[in-house]
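# Working through the structure, step by step
Listed below, chain by chain, are the residues.
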Amino acid sequence: MQKRKLGKSNLEVSALGLGCMGMSSGFGPPSDKKEMIGVIHKAVEIGFTFFDTAEVYGFHANEELVGEALEPF
């Protein structure tokens, strides 16, 4: 997976990111939590290090989901 520098920092992230909005809200009811954690784990497995989340994606539910999924890593 190619990497890119994030802004003016020295932090590098994957060139591709995983948009997490639909995992907790935005397109109807929340998706299955275990299934979404599996999607995030697979993304990490193939080299993703950039995960797009925001407070408005379920009013903190999205950050909690992504945090729980990434905790083992």
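Figured I'd write up the structure that's included with this text. (Residues numbered from 1 in each chain as written. Predicted model: local features only at pLDDT ≥ 70, side-chain atom pairs only at ≥ 80, totals over all residues. Heavy atoms only, no water.)

With that out of the way, let us pick up the nonpolar core. Ranked by size, the top nonpolar core spans 12 residues in total: Leu18, Cys20, Met23, Met36, Ile37, Ile40, Ala43, Phe48, Phe51, Leu65, Val66 and Ala69. Within the residue set of this core, elements represented by two or more residues are helix H2 (33-45) and helix H3 (61-70). If you tally residues by element for this core, the top one is H2, at 4 residues. Setting aside its immediate chain neighbours within four residues, Ile40 contacts Leu18, Met23, Phe51, Val66, Ala69 and Leu70. (Core = buried A, V, L, I, M, F, W, Y, C linked by side-chain atoms within 4.5 Å. Buried < 20%, exposed > 50% of the residue type's maximum accessible area, 1.4 Å probe, protein only. Helix = DSSP H or I, 4+ residues; strand = E, 2+ residues; numbered from the N terminus. Contact = heavy atoms within 4.5 Å.)

A few words on the environment of Met36. As for its placement among the helices and strands, Met36 is situated in helix H2. When its relative accessible area of 11% is taken as the criterion, Met36 is described as buried. Aside from chain neighbours lying at most four places away, what touches Met36 is Met23, Ser31 and Leu65.

Here we come to the pattern of salt bridges. Tallied over the entire structure, the rule returns 2 salt bridges. A salt bridge links Glu68 to Lys33; the shortest N-O distance between them is 2.9 Å. Linking Glu68 in helix H3 with Lys33 in helix H2, this pair joins segments that are 35 residues apart in sequence. With a relative accessible area of 39%, Glu68 lands in the partly exposed category. On the basis of relative accessible area, Lys33 is assigned to the partly exposed category, the value being 45%. A salt bridge links Lys42 to Glu45; the nearest nitrogen and oxygen atoms lie 3.0 Å apart. Here Glu45 and Lys42 lie together in helix H2, a separation of 3 residues that amounts to about one turn. Judged by relative accessible area, which is 45%, Lys42 ranks as partly exposed. With relative accessibility at 59%, the residue Glu45 sits in the exposed group. (Salt bridge = Lys/Arg side-chain N within 4 Å of Asp/Glu carboxyl O.)

On the surface, a cluster of nonpolar side chains totalling about 250 Å² of accessible area is made up of Leu6, Leu11 and Phe50. Take Phe50: it is sitting in strand E4 (residues 50-52). We classify Phe50 as partly exposed; its relative accessible area is 34%. (Patch = residues over 30% accessible without salt bridge, like charges linked within 9 Å, V, L, I, M, F, W, Y side chains within 5 Å. Areas by Shrake-Rupley, 256 points an atom, 1.4 Å probe, with all protein chains shown as cover.)

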